[in-house]
Amino acid sequence: NRQRKASSTLITAIKGFETCRLTAYRCPAGVWTIGYGHTLGVKAGQHITQQQADSLLRGDLLPTEKYIDSLGVCKTQGQFDALVDFAFNLGCGSLSRSTLLQYIIRGKPTAAIQAEFLKWNRSGKNILNGLTKRRQWEARRWEE
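Residues numbered from 1 in each chain as written. Predicted model: local features only at pLDDT ≥ 70, side-chain atom pairs only at ≥ 80, totals over all residues. Heavy atoms only, no water.

Take the state of the cysteines next. On inspection of all chains with the given rule, the structure shows 0 disulfides. Left without a disulfide partner, Cys27 is nearest to the cysteine sulfur of Cys20, which lies 15 Å away. The class for Cys27 is partly exposed, based on a relative accessible area of 21%. Between Cys74, a free cysteine, and Cys92, which holds the nearest cysteine sulfur, the sulfur-to-sulfur gap is 12 Å. (Disulfide = S-S within 2.5 Å. Buried < 20%, exposed > 50% of the residue type's maximum accessible area, 1.4 Å probe, protein only.)

Next comes the structure, spelled out in structure tokens:
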């Protein structure tokens, strides 16, 4: 059974949600970062091409794709993409402990599952526009 992969629809969406920087920078947590949030082995002054940024993104998605595939809960590519984006953005641990995943496992109605995606749009107590848009995309994609 071949492992599922993020679709081109998801890759395009992630590129819209994440800023791409071709020169290494320190993220708010002080970690050297490049491309679409890639951190492994990044050094000050490092430069990459757009093609390298795209390749790093694909590579960075692999562990998340593998985790989501292992759950065995996605019936469609849309559902797979929605969960990969959610876990890629928030971490597999956040998904594993979430009511969202419990609802999916229990086969709750689509509307209830979509409502769970939308709850994850805060940083601390602040609602962030970017996270709201991302969760709305995931909720829509869940139905596709």
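Turning to the pattern of salt bridges, a few remarks are in order. Counted under the stated rule, the structure contains 8 salt bridges. A salt bridge links Glu65 to Lys5, with the shortest nitrogen-to-oxygen separation between them at 3.5 Å. Taken together, the positions of Glu65 in helix H2 (residues 50-71) and Lys5 in the segment before helix H1 (8-17) put the pair 60 residues apart, joining distant regions of the chain. With relative accessibility at 1%, the residue Glu65 sits in the buried group. The partner of Asp81 in a salt bridge is Arg141, with the nearest N and O atoms 2.7 Å apart. Taken as a pair, Asp81 in helix H3 (residues 77-90) and Arg141 in helix H7 (residues 129-142) lie far apart in primary sequence, 60 residues in all. The structure contains a network of salt bridges with shared partners spanning Glu18, Asp85 and Arg134. (Salt bridge = Lys/Arg side-chain N within 4 Å of Asp/Glu carboxyl O. Helix = DSSP H or I, 4+ residues; strand = E, 2+ residues; numbered from the N terminus.)

By the bridge criterion, 3 bridges tie strand E1 (residues 21-26) to strand E2 (residues 32-35) in an arrangement that is antiparallel. Bridging across to E2, Arg26 finds its partner in Trp32. Between E1 and the antiparallel strand that follows it, E2, lie 5 residues; Gly30 among them carries a positive phi value of about 85 degrees. (Pairing = 2+ DSSP bridges.)

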